[in-house]
Number of protein chains: 2
Amino acid sequence: MANIHTERLRQFQQLLAENRIDGYLVTRREDQCFLTGYFMDGYHLLIGRKKAWALVPKMLHEQFQQVAPFYNAVATDTPLAAAHAIISAEGLRRLAFDPEAETYASGCALCRKGFAEKGGLAASLRETKLGAEIADIAKACKIAVKAFAKLKPEIKPGMTENQVRARLQYLMDCMGAQGPSFALIIGSGPNSALPHHSTSERKIRDNEALLLDFGCKYNNYCSDYTRTFFIGKPTDEFKKVHAIVQRSHDAGIKAVRAGAKCIAVDKVCRDLIAAEGYGDKFIHGTGHGLGLEIHEFPRLNQKCDATLKEGMAVTVEPGIYLHGNFGVRIEDTVLVTKTGCKILTR
Amino acid sequence: MANIHTERLRQFQQLLAENRIDGYLVTRREDQCFLTGYFMDGYHLLIGRKKAWALVPKMLHEQFQQVAPFYNAVATDTPLAAAHAIISAEGLRRLAFDPEAETYASGCALCRKGFAEKGGLAASLRETKLGAEIADIAKACKIAVKAFAKLKPEIKPGMTENQVRARLQYLMDCMGAQGPSFALIIGSGPNSALPHHSTSERKIRDNEALLLDFGCKYNNYCSDYTRTFFIGKPTDEFKKVHAIVQRSHDAGIKAVRAGAKCIAVDKVCRDLIAAEGYGDKFIHGTGHGLGLEIHEFPRLNQKCDATLKEGMAVTVEPGIYLHGNFGVRIEDTVLVTKTGCKILTR
């Protein structure tokens, strides 16, 4: 049973040993999926240095055992009581939880039971992706790209943004997607100038911009992809702005490599747009990590002090937004390599 | 601007006055949407007894102001610093946060800044729905029902569960849905015996059960609906089990009314199934509240001590699961009324 999840569990247990922790409670859904392969609300994991337990409601027990037979799965409707019984029986002494995953209420309850807070363990493993994870992200990216290629010639003035969204989702689902990786953004005309526009009933018109920012999940891993184009014959202003964003995007992609600072990649994209006079129209960060979640560590922005590592999957997505008129964003998901990056949305 | 969200904000401010709180930080996305109408990651609300502020990233500022002009919206990339500046300037003294919404880490940071924990305020308002909210849930239910009616005759042996899911989602999206309210469950044959089956590449076969548990979002509100039927000529065993679940479901619906205990509704459904000898095959609760989230207070199960109130939207969904063979679940979303309930998935 040496699969990606047994490997990830082994790495996590290694971290527990290094941090002298005997038992760790994992309650964030994505961390659980990372360590089991099973993505579902409503179960808990208790990880020891040598053994690992899953505390699973009766209705999920059979499925859990099928997906992750390398756990001791206990069917229970009182997961914390079951965890404490295991802790007693196994003599686990140093117990910890993730202060970023528990609610304040649940964290306080754990502290009263002798747990200490220790964050960042799962996060430190999740930031770089291994083979099977990379393959899943790459597949999610391929689906997005292929669906877009199929959709683009179908888009006609008169269709609503919601109709385009429905069709795009259907194309991705038919290609094997598990559903959207976030609420798909279809921004037409002036709506393209809102970076996180809520896709609406607005009808697409002739001679205006159309921005599509979307992605899907494949085997629980996300993709993220944005293209902006013009319905009809592009205006000179659109062509100019699109070309600037394209150059900023290309320069950002070129700057991505293991060892580069996130802040430096952002600066490359931002400086190029600022030099063209649109500095105040680029109103978000350049990109973000992604994996089991659509937004993960690191951020490629003006504040993130992190350094890119081989195996990180990040987006590069500069944009220019002209209020009331149009916006342009161009985004690819890339895999960081030793010497540069591999564009996965290609 | 007297809409549902200004009304909900006014009710929330009333609760602040009753609890002698001057400023409350709202960070749970669904609570924010409840109080603003704007569903989006990445912003914060600070609610005072008379005024209300939104701390919004630059890239969301324009949209936020369009959707919720009754807030003082501050464009900021440092929301907590901005909140503290407002707290100082306005002289807000008694500050509180929701211990179920903040992470342990963020809750501890707020405690160090003089905030106290006070949970349940938004939850107490969200448990009963008002006019516009009921209309949105009803619309989400209608879409699910209509999509199912259109889909059912299209389902043929040889289609995969994923293909059925893709088609069902597309039909709902074309009817105005905003996307799924949860990961749609399409369980064929033995997969129907797994209550939370993960929809798969399994091909539907002739002469087996098919369970569809699904819903959509409309204007951010959820629906939830399950039907189980047989592909081909139903076996006697399927007919028998389906009839028992149907009677359990119908008895549960009859038991729902304002003033009924959740535990009593569960008991009606459970006793009926147990009397037929399938008590140990009904391995989950009878239902749950829903609204902006697919699972909300209250739960209709063997533990929830709550009493149903007029205006609650809940599901009734008993089931029988025969391991390795088939399962049957029948679910409707209903609105609790003074004298009974109204089935919204009809």
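Residues numbered from 1 in each chain as written. Chains lettered and ligands numbered in written order. Predicted model: local features only at pLDDT ≥ 70, side-chain atom pairs only at ≥ 80, totals over all residues.

**Description of the overall build of chain A**
Helix and strand counts for chain A come out as 10 helices and 18 strands. Relative to the compact-globule value of 20 Å for 346 residues, chain A shows a C-alpha radius of gyration of 23 Å, a close match. Counting only C-alpha atoms and orienting by the principal axes, one finds that chain A spans roughly 75 × 40 × 35 Å. Per-residue burial for chain A yields a buried fraction of 47% across its 346 residues. Residue pairs at least 24 apart in sequence account for 64% of intrachain contacts in chain A once pairs closer than 6 positions are excluded. (Helix = DSSP H or I, 4+ residues; strand = E, 2+ residues; numbered from the N terminus. Rg over C-alpha atoms; globule rule 2.2 N^0.38 Å. Buried ≥ 20, exposed ≤ 12 C-beta atoms within 10 Å, placed from the backbone. Contact = placed C-beta atoms within 7 Å.)

**Considering the domain arrangement of chain A**
Residues and elements named next belong to chain A. Domain annotation for chain A reports domain 1 (4-126) and domain 2 (131-343). With centres defined by C-alpha atoms, the gap from domain 1 to domain 2 works out at 35 Å. Domain 1 puts 7 residues into the contact, and the matching count from domain 2 is 8 residues. Counting residues per element, the side of domain 1 that touches domain 2 draws most heavily on helix α2 (residues 29-36), which supplies 3 residues. For the side of domain 1 that touches domain 2, the class distribution of residues is 5 nonpolar, no polar and 2 charged. (Domains from an automatic or database assignment. Nonpolar A, V, L, I, M, F, W, Y, C, P; charged D, E, K, R; others polar.)

**Overview of the relation of the copies chain B and chain A**
Aligned on chain A, chain B shows an RMSD of 0.0 Å; the corresponding rotation is 180 degrees and the shift along the axis is 0.0 Å. One copy is carried onto the other by what is essentially a two-fold rotation axis. Taken as a fraction of all interface residues of chain B, those also at the interface in chain A reach 100%, which identifies the copy contact as same-surface. (Least-squares fit on C-alpha atoms with pLDDT ≥ 70 in both.)

**Comments concerning the interface of chain B and chain A**
On the chain A side, the residues contacting the 29 residues of chain B number 29 residues. For the side of chain B that touches chain A, the elements supplying multiple residues, two or more each, are α3 (58-67), α5 (104-112) and α8 (161-174) of chain B. Tallying contributions element by element places α8(B) first for the side of chain B that touches chain A, with 6 residues. In the side of chain B that touches chain A, the residues fall into 14 nonpolar, 8 polar and 7 charged.

**Digging into the pairing of strand β17 (residues 332-336) of chain A**
Residues and elements named next belong to chain A. Burial runs high along β17: 5 of the 5 residues are buried. Note: strand β14 (residues 313-316) against β17, 4 bridges, orientation antiparallel. Its bridge partner being in β17, V316 is matched across the sheet by D332. Bridge count for β17 against strand β18 (residues 341-343) is 3 bridges, and the pairing is antiparallel. Following the sheet pairing, V336 is matched in β18 by C341. The loop that links β17 with its antiparallel partner β18 comprises 4 residues. (Pairing = 2+ DSSP bridges.)

**What to know about the packing of helix α7 (residues 131-151) of chain A against helix α8 (residues 161-174) of chain A**
All names here are of chain A. For the pair α7 and α8, interaxial distance at closest approach is 9 Å and the crossing angle is 130 degrees. Put simply, α7 runs oblique to α8. The element α7 and its partner α8 pack so that their crossing is right-handed. Residues I143, A144, A147, K150 and L151 of α7 pack against R167, L168, L171 and M172 of α8. Looking at the contact of α7 with α8 residue by residue, the classes come out as 7 nonpolar, no polar and 2 charged. (Axes fitted to C-alpha atoms, helices over the stretch in contact; angles between N-to-C directions. Parallel < 35°, antiparallel > 145°, perpendicular 65-115°, else oblique. Left-handed = near helix turned anticlockwise from the far one by under 90°.)

**Regarding the environment of B:K146**
Within the element layout of this structure, B:K146 appears in helix α7 (residues 131-151). Along the sequence, B:K146 and B:M172 sit 26 residues apart, while their C-alpha atoms lie 8.1 Å from each other.

**Notes on the nonpolar core**
Among the nonpolar cores identified, the biggest contains 193 residues, and A:A54 and B:A54 are the most heavily contacted of them. Ignoring any residue separated from it by four or fewer positions in sequence, one finds A:A54 in contact with A:Y43, A:L45, A:F64, A:A68, A:Y71, A:A73 and A:V74. (Core = buried A, V, L, I, M, F, W, Y, C linked by C-beta atoms within 7 Å.)

**Focus: the sheet that holds strand β7 (residues 185-188) of chain B**
Residues and elements named next belong to chain B. The 3 strands lie next to each other as β7-β8-β11, forming an open sheet whose pairing is antiparallel. Each having just a single partner strand, β7 and β11 (225-231) make up the two edges of the open sheet. When the angles between neighbouring strand axes are averaged without regard to direction, this sheet yields 10 degrees. As paired elements, β7 and strand β8 (residues 208-214) share 4 bridges and run antiparallel to each other. Along β8, the bridge assignment pairs I185 with D213.

**Describing the pairing of strand β15 (residues 319-322) of chain B**
Residues and elements named next belong to chain B. Where β15 and strand β16 (residues 326-329) come together, 4 bridges link them in antiparallel fashion. Within β16, the position partnered with Y321 by the bridge is G327. What sits between the antiparallel neighbours β15 and β16 is a turn of 3 residues, in which G324 has the positive phi angle 75 degrees.

**What to know about the environment of A:T307**
All names here are of chain A. The topology assignment puts T307 in the loop between β13 (296-300) and β14. Residue T307 is classed as partly exposed on the basis of its 14 C-beta neighbours within 10 Å. Residues T307 and Y278, spaced 29 residues apart in sequence, show a C-alpha to C-alpha distance of 27 Å. Beyond its immediate chain neighbours, meaning those up to four positions away, T307 contacts G259 and K261.

**Describing the sheet that holds strand β3 (residues 52-56) of chain A**
Residues and elements named next belong to chain A. Taken together, the 6 strands give an open sheet; going across it, the order is β4-β3-β2-β1-β5-β6, and neighbouring strands pair in mixed fashion. Bordering the open sheet on either side are β4 (72-75) and β6 (115-117), each of which pairs with just one other strand. Averaged over all pairs of adjacent strands, the angle between strand axes in this sheet comes to 25 degrees, irrespective of strand direction. Each of β1 (23-26), β2 (44-48), β3, β4 and β5 (95-97) is contacted by helix α4 (residues 79-90), which is oriented at about 15 degrees to β2, the strand it contacts most.

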